[in-house]
Amino acid sequence: HQDSMPLERDVCNRYFRLSACEFQEFFIGRVFRKMFQIIHKGNDVCWSDALGGSNPQRATISHALKEWITEFKPDVIYSMMGSNEVMSLTQEIVEFTGKPLAIHFMDDWPQFIYRRGGLAWIERLRMKRFLSWCLDHARARFVIGESMASAFRQRYGHAFKYYQNTLDVTRWIRKAEHSVAVNH
C-alpha cells in the first residue's frame, strides 16, 4: 500500500504502508528532475514523462518492512506487479522470505508501460528483466480471462490460470448507497 488513501479495515486489517524507505530515486532520476525543473520553470509539464513515464527507482526491503514481514509470516507472496520498482521489491521479498510467489495481471500493462521519454529504453529493459524473473519464479500465474491466459501463455511461455474478480454485490450496494448515488 503506497498511496495516501485511508485504509479500510473491513476486509483486511494488516497493512504496511510503503514509503521512501522502500523506494529510492536513482541518482540519474534526481539529476534529470532537477534539470527538467530548471529548463521548464513555470511550465506545467510532468518531468517524469521526459524520463519515459517513470521516475527511475530502486526498491529495497527496509528494516521496518523486514520486521513486519517476519511478524506477519506470509504463506505466499502475491503481487500484481505493474512497475519496475514493485517487481524489484517483489523479487527482494521473495528472496528474503523464501516463500512461493503468485503473480496476477489485471491488464496488459507490459505492452504499454515505459514506451516514451528519454530513459524509456532503460526502463523497458529493466521491466523485461524484472518481469522475466517474476514469471520464471512464480508458482502461480493469474490473469482475468481465458483469452488473456491463452495470449500470455503464447507470449511468455508459461501457463496462466484465469478468474474474474469476485464482488459481493449485496455488500457493495449497501456500502455504495451510503457513500454515493446509485442509479438503477
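Just above, that's the structure.
Residues numbered from 1 in each chain as written. Predicted model: local features only at pLDDT ≥ 70, side-chain atom pairs only at ≥ 80, totals over all residues. Heavy atoms only, no water.

(A) Spatial organisation of the sheet that holds strand 3 (residues 77-79). Strands sit in the order 3-4-5-6 across an open sheet of 4 strands; the sheet is parallel. Two strands lie at the open edges of the sheet, namely strand 3 and strand 6 (161-162), each paired on one side alone. Both strand 3 and strand 4 (residues 101-104) contribute to a ladder of 3 bridges, which runs parallel. Considered in strand 4, the bridge of Ser79 is made with Ile103. With respect to the sheet, helix 4 (residues 84-97) is in contact with strand 3 and strand 4, its orientation differing from that of strand 3 by roughly 175°. (Pairing = 2+ DSSP bridges. Helix = DSSP H or I, 4+ residues; strand = E, 2+ residues; numbered from the N terminus. Contact = heavy atoms within 4.5 Å. Axes fitted to C-alpha atoms, helices over the stretch in contact; angles between N-to-C directions.)

(B) Looking closely at the pattern of salt bridges. All told, the structure shown has 2 salt bridges when counted by the stated rule. For the salt bridge of Glu123 with Arg126, the shortest nitrogen-to-oxygen distance reads 3.0 Å. Taken together, the residues Glu123 and Arg126, both in helix 5 (residues 120-137) and 3 residues apart, mark about one turn of the helix. The pair Glu123 / Arg126 is uniform in exposure class, with both members buried. (Salt bridge = Lys/Arg side-chain N within 4 Å of Asp/Glu carboxyl O. Buried < 20%, exposed > 50% of the residue type's maximum accessible area, 1.4 Å probe, protein only.)

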